[in-house]
Structures are given as C-alpha cells and as structure tokens.
Amino acid sequence: MENKLTRRVGFYIRVSTEKQAKEMEGSLTSQKQRLESEVQRRNLSSSGGGKWGEVARVYIEEGRSGKDTNRPEYQKMVRDIQDGTINVVMVTELSRLSRSVSDFLRFMELLRSYNSDFICPQYDFDTTSAAGRVFVIILMALAQFERELTGERTKSNFYARALRGLCNGGSPILGYDRDPQNRAKRVVNESEASIVRRIFESYLENGSIRSTTDAINSLGVRTKSYTTQDGKLRGGQLFVPNSIHGILSNPVYIGKREVNKRNKGKEKENLKESERYQVVPATWDAIVDEKLFAAVQAKLEENRDSFHYDQWKTYPFLFTKRLSCRDCGAEIRALSGTGRSRKYSYYRHRGKCPTGFESIHADKLENLDLGRLEKLEAVPQLIAALTAQQHQDVSDSAPKLIAERSAMEAELRTTRQKAESLMDRIASLPKDVDADYLISHVNDLKQRQVQISDSILRLNTELESIDRKKIDPEEIQRAVRYVNSKLGELSVPLRKDMIRRLISRVEFGKDKTTIALHPAGLYEKGGICPDDSGGGGDGKQVWPSLSMVRPLSKLGWVTGVEPATPRVTV
C-alpha cells in the first residue's frame, strides 16, 4: 500500500458464543487490547515523525460463528471499506475474520479493489506484496482444513455416542433430569414421570391432541422448568398442542434413542451408514409402557388427517385414503364440486383406468360397501373364511421369526467369542501398556450382547404368542354386529373413526369390490364393542379409549356390486 499520512484502521473482534461475550475480562477485551498495542507500536516506530495510523472503527461481533459472512458487524465493516471510512482491517487471528477460504478470498479481493490493507499481528505479514497474499491464502486453507477435520471427528464421536444410547447435549425433557455423575445420561424424575404417563393415558381417553392439551393444562401442571448455562430460566409454561405431540411421539419415554432424527423420512439407500435414521436402546430407564406407547402411535397415525372440525360442515367421506381401484391399483380420491343448483361429493379415479371407470357418487359407494357389513354378519361362511385366512397369516410368520432368532443367536455367540478373545489379550499385555482402547472395544461388545439378548427375548415372546393372536370367529361377528347397530347413531367424526377401526382398505372395481378388515382386537378391551353382550350395552353411545387394531393386508372378501355410475357433471 502506498504511504499515507494516516491510515484509518478498523478492528474486527469476534467470539463464537454468548458466554464468551459476557466475560468482563474475556476474549473480546483481550483482542481489543492486543490490536491497540499493535497500532501504538507502529505509531512509535513510524519514520518521519508522523503517525502510522489511527483507530477509526471497532467492530465487535458477539456470539457469531466464522463459518460464513452472515454477521451484522462484518457486513457493517464491508460497507465502511466501500465508502472509505476505513482503509486498514486488523484482526488478532485469521480465524476471527473467517474460517472459510472462499469467503476470505472474496474479502481480500474487496480490499484490493478499494486499495485497502489487511493486518494480522499473529503472523506479521504484509498484503501489499504478492508473496504476502499467497502466504495468507495458504494459512487460510490450513485453517479451513483443520476446522473441517475437527468437525468430522466431532460428528463421528457424536454418532458413536448416540449408538451407545447416550445424549449429545440438548435441552432437558419432561420426565428426566441430567445424571449429575454423567451428563450424557438421564435419570428419571419421578414426579415428572407421572405427568408424562398421564399425558399418554389422557390422549387415549380424549382421542385428540387439542382435548388432551386442555385436559393436562386443567390439572395445573406445566412444561419442564430448567435454567440454561447462561443463567436464563426456561419452561414452566402452559402446554400447547405441539409440545403434547412432541411428548407423545418421542421414543425416549420407552428407553429408546433416535439416531439421525433429521433423516427420518429419507431413503436409506441414498444415505451413508452413519447418516441413516435408526432407533437404539438408550442408557436410561423407560417411564412409559411399550404397549401404551404403541397404542398412542397407532392413534396418532389414525388421526393424522382426521378430526379437523371444519371439515364436518361438508360431506364426511368415510373412506378417505382407504380406496383404490381393484382393476388397476390406482388411488381413488375424495372430491367435491359445486354445480348450478347443488354440491356434489364423489370418489374419483386418479388418472385413467383401462376399464373406463372414472368416478362414483360418494354416498352410493359408501352405502354399497357398508351394506356388505350387513351381509357379512348374516353369512357365517364368510366369517369362517376370514378367520381361516387370518390364522394362516399368523402361522406363516413363525418360520421368519425362527430364522431371525437363529441369526441373532449366531451373532450372540460370535460377539461373546470376540469379547472373550479381547479379554485374553488384555490379560496378557505388559503392565506398562495402555489397554484403554481394548477395554472400550470390550464394553461395546458387551453392550451389543445386551441388545441381541433383548431381541432374542422379543422374538421368543412373539413365537409364544402366535396362538394367542389367532382370532375367534365370534369376535369378528360381534364387532360387525355392533358396528351395524350403532353406526347410524354416531356423530360424523365418531362414525368415520369407527369405519377406520373396522375397515383397513377397500378395493373398488367396475364389477366387484374387495374389503379388507381390521378384525383382530376389535372386541378386546378398548376395541369397538364396549361389553360382552355383543354390542348391546346399556344403550348409551360408548366410545373406546384404546384401539388394539392389527392390520391384515391379505384379509378380505369379494362381493358383486353394481357398475359404477357415469361421470359426475359439475
């Protein structure tokens, strides 16, 4: 840079966290003091008796990362360079300005275009020469490489800890506290755990997130209260639907740990092994029964597109997302349209069907299919066929479970052998040799043994329960009879909910239709029928709090129906 009477210097000072920024004699103060000393030194050593430069601006960036340039003080500094307020930028370290080579090169080009300089006392280089500029670029490349390498190591360590069921930070959650002996683990907070269990039970009792939120808030309980590291009080507020849903869908409450949760909906084939979503056993105790948790997940899925109250002002569409074309397999959608004098509600084929079927009036299709339930109740042969098919499906699952158990048992033997071999190696090592790595590997193998043993126990339980899963023909008949007798008495939302409980899929065709049922569990406690009287009860409109429905994709029966009506004109 050509000699100037006085250089207008801008100090750029940055720390990455709010905690660092609040320290009275911390990094911000130290950086400013070092830069002021450097300006003073240069002024004292300046030839000709004049000042080398003066401080025109100080840019203090509090709690901002250097990974990009989206920083308010940085942008302010750029504008001051452009309008000539400063012509020298001074930092204590290169990483204070940027941790990205590309961002730094753009900044250097900006300085060059406005005939400004850059000074970093850490390395004592001069950007007015070509050699100095190359030296800066090399240092920045090395700094970025170190940053990326550190990031990869940190990410790998977090992934390994997650697989072991440990926490990697995050806010405290209702029902657990951080373990004071190991912050990567959680310990049960008994008073909060009872609240969590009450939330799960209340959801099954009330049937919706909104009513559950109101019920829990009426009890006087609040969200988890805690203090952050910088001393701020968080939580202790009324529950809102989002917080209730977050609790109900979180597997942490059954002692599970989600890994790579952000990739939950992505295709595994497109991800690296270390990026794939999975659920692993956690290091903390469960506070919610797994059966209760499973029932809540089924209800959440069932309600995902249901119980939007405004929609009951229009046609209810009992078979929404349960209809497909028997002839070509395409989806049949529920639609409405307004004609000159009335509103039409119909089910329409998605795309063109080879048979020519396009649409059918909604009430006509629903009456046809619900009429089949009346026929089912009256024809014992159909009930027997359904039961035989379900028994066969249940029995067919046994060989697969046995094969899976054999594979698990073989892996368990191999894992034990590896652990024993490592223990022998550790025992034979000289006393002065560090065995921490081998011991850590042994611990990982022991953890894997526990996981495999749990899986084997689960498979044994499933094999033992195969006979219990086989439904009784009378159970189906009682459930269907109850639906037929009560369906017309229910409100529209409850009527649709009952249909969803009983019918899993309807394949509608031009000549015949197939209806797949959810028969298993419909007559159990919390199923459709409220008592052992075959659905009669005391005549009140009883609605269950728990749905124990197991979908049976192959279960169904075929009956003839009338040809579809012509296309609806709207």
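Rules of the game
Residues numbered from 1 in each chain as written. Predicted model: local features only at pLDDT ≥ 70, side-chain atom pairs only at ≥ 80, totals over all residues. Heavy atoms only, no water. Helix = DSSP H or I, 4+ residues; strand = E, 2+ residues; numbered from the N terminus. Buried < 20%, exposed > 50% of the residue type's maximum accessible area, 1.4 Å probe, protein only. Contact = heavy atoms within 4.5 Å. Areas by Shrake-Rupley, 256 points an atom, 1.4 Å probe, with all protein chains shown as cover. Salt bridge = Lys/Arg side-chain N within 4 Å of Asp/Glu carboxyl O. Phe/Tyr/Trp six-rings, centres within 6.5 Å; stacked < 30°, edge-to-face > 60°. Pairing = 2+ DSSP bridges. Axes fitted to C-alpha atoms, helices over the stretch in contact; angles between N-to-C directions. Expected span 1.5 Å × (residues − 1). Parallel < 35°, antiparallel > 145°, perpendicular 65-115°, else oblique. Left-handed = near helix turned anticlockwise from the far one by under 90°. Nonpolar A, V, L, I, M, F, W, Y, C, P; charged D, E, K, R; others polar. Core = buried A, V, L, I, M, F, W, Y, C linked by side-chain atoms within 4.5 Å. Patch = residues over 30% accessible without salt bridge, like charges linked within 9 Å, V, L, I, M, F, W, Y side chains within 5 Å. Lys, Arg positive; Asp, Glu negative; His and termini not counted.

1. Describing the overall build of the protein chain
And step 1. In terms of regular secondary structure, the protein chain is built from 16 helices and 17 strands.
And step 2. Relative to its 570 residues, the protein chain shows a buried fraction of 40%.
And step 3. Taking contacts inside the protein chain between residues at least 6 apart in sequence as the whole, the part at least 24 apart equals 66%.
And step 4. As presented, the protein chain carries roughly 31700 Å² of accessible surface, and 49% of it is formed by carbon and sulfur atoms.

2. Considerations on the pattern of salt bridges
And step 1. Scanning the entire structure with this criterion turns up 11 salt bridges.
And step 2. In this structure, Arg 106 engages Asp 103 in a salt bridge whose closest nitrogen and oxygen atoms are separated by 2.4 Å. Of the two residues, Arg 106 and Asp 103 both sit in helix H5 (residues 101-113), 3 residues apart, roughly one turn of that helix.
And step 3. A residue is classified by how much of its surface remains accessible, and Arg 106, at 53% relative accessible area, is exposed.

3. Observations concerning the packing of aromatic side chains
And step 1. With the rule as written, the count across this model stands at 9 aromatic pairs.
And step 2. For the pair Tyr 74 and Phe 107, a centre-to-centre distance of 5.8 Å together with 45° between the ring planes defines the contact as tilted. In this pair, Tyr 74 sits in helix H3 (residues 72-82) while Phe 107 sits in helix H5, placing the two residues 33 residues apart along the sequence. One exposure class covers both Tyr 74 and Phe 107, and it is buried.
And step 3. Each ring, one from Phe 200 and one from Phe 293, has its centre 5.9 Å from the other, and the planes form 35°; the classification is tilted.

4. Description of unusual backbone geometry
And step 1. Even without a glycine there, the phi angle at Asn 115 is positive, about 55°.
And step 2. Tracing the backbone shows Asn 115 in the loop between H5 and strand S4 (117-119).

5. Points about the sheet that holds strand S13 (residues 343-349)
And step 1. Taken in spatial order, the 3 strands of this open sheet run S12-S13-S14, and their pairing is antiparallel. A strand with exactly one partner marks an edge of an open sheet, and here the two such strands are strand S12 (332-338) and strand S14 (359-361). Direction aside, the axes of adjacent strands within the sheet are offset by 30° on average.
And step 2. As paired strands, S12 and S13 are joined by 7 bridges and run antiparallel to one another. Residue pairing in the sheet places Leu 335 in a bridge with Tyr 346 of S13.

6. Examining the environment of Leu 370
And step 1. Its location among the elements puts Leu 370 in helix H11 (residues 362-378).
And step 2. The buried category is assigned to Leu 370, whose relative accessible area is 16%.

7. Let's talk about helix H10 (residues 290-302)
And step 1. With 13 residues, H10 extends 18 Å between its outermost C-alpha atoms, agreeing within 8% with the 18 Å of an ideal straight helix rising 1.5 Å per residue.
And step 2. Turning to H10, its buried residues are Leu 292, Phe 293, Ala 295, Val 296, Lys 299, Leu 300 and Glu 302.

8. Considerations on the sheet that holds S4
And step 1. Taken in spatial order, the 4 strands of this open sheet run S2-S1-S3-S4, and their pairing is parallel. Each of the sheet's edge strands pairs with one partner strand only, and the pair in question is strand S2 (53-61) and S4. Ignoring strand direction, the axes of neighbouring strands in this sheet form an average angle of 25°.
And step 2. Relative to S2, strand S1 (residues 7-14) runs parallel, the two being bridged by 8 bridges. Each residue of the ladder has a partner; that of Ile 13, found in S2, is Ile 60.

9. Points about the packing of helix H7 (residues 190-206) against helix H8 (residues 209-218)
And step 1. Viewed as axis vectors pointing N to C, H7 and H8 meet at an angle of 130°, and their least axial separation amounts to 9 Å. Considering their axes alone, H7 and H8 lie oblique with respect to each other. As for how H7 packs across H8, the hand of that crossing is right-handed. Across the interface between the two elements, Arg 198, Ile 199, Ser 202, Tyr 203 and Asn 206 from H7 touch Ile 209, Ser 211, Thr 212, Ala 215 and Ile 216 from H8.
And step 2. Each residue belonging to the contact of H7 with H8 can be placed in one class, and the counts come to 5 nonpolar, 4 polar and 1 charged.

10. Comments concerning the nonpolar core
Nonpolar side chains in soluble globular proteins tend to be buried together.
And step 1. Residues Ile 199, Phe 200, Leu 248, Tyr 253 and Val 288 are the most contacted members of the largest nonpolar core, which totals 30 residues.
And step 2. When contributions to this core are tallied by element, the ones reaching two or more residues are H7, H8, helix H9 (241-248) and H10.
And step 3. For this core, the element with the highest residue contribution is H7, accounting for 7 residues.
And step 4. Beyond its immediate chain neighbours, meaning those up to four positions away, Phe 200 contacts Ile 247, Leu 248, Tyr 253, Val 288, Leu 292, Phe 293 and Val 296.
And step 5. Counting residues in hydrophobic clusters, the runner-up holds 27 residues, among them Cys 325, Cys 353, Tyr 482 and Val 483.

11. Details of a nonpolar patch on the surface
And step 1. Where nonpolar side chains cluster on the molecular surface, the patch consists of Val 55, Val 58 and Ile 60 and spans about 200 Å² of accessible area.
And step 2. Along the polypeptide, Val 55 turns up in strand S2.
And step 3. For Val 55, a relative accessible area of 40% puts it in the partly exposed group.

12. Some words on the side chain of Glu 61
And step 1. In this structure, Glu 61 sits in strand S2.
And step 2. The buried charged residue Glu 61 lacks any salt bridge partner; its closest oppositely charged side chain belongs to Arg 64, at an N-O distance of 4.7 Å.

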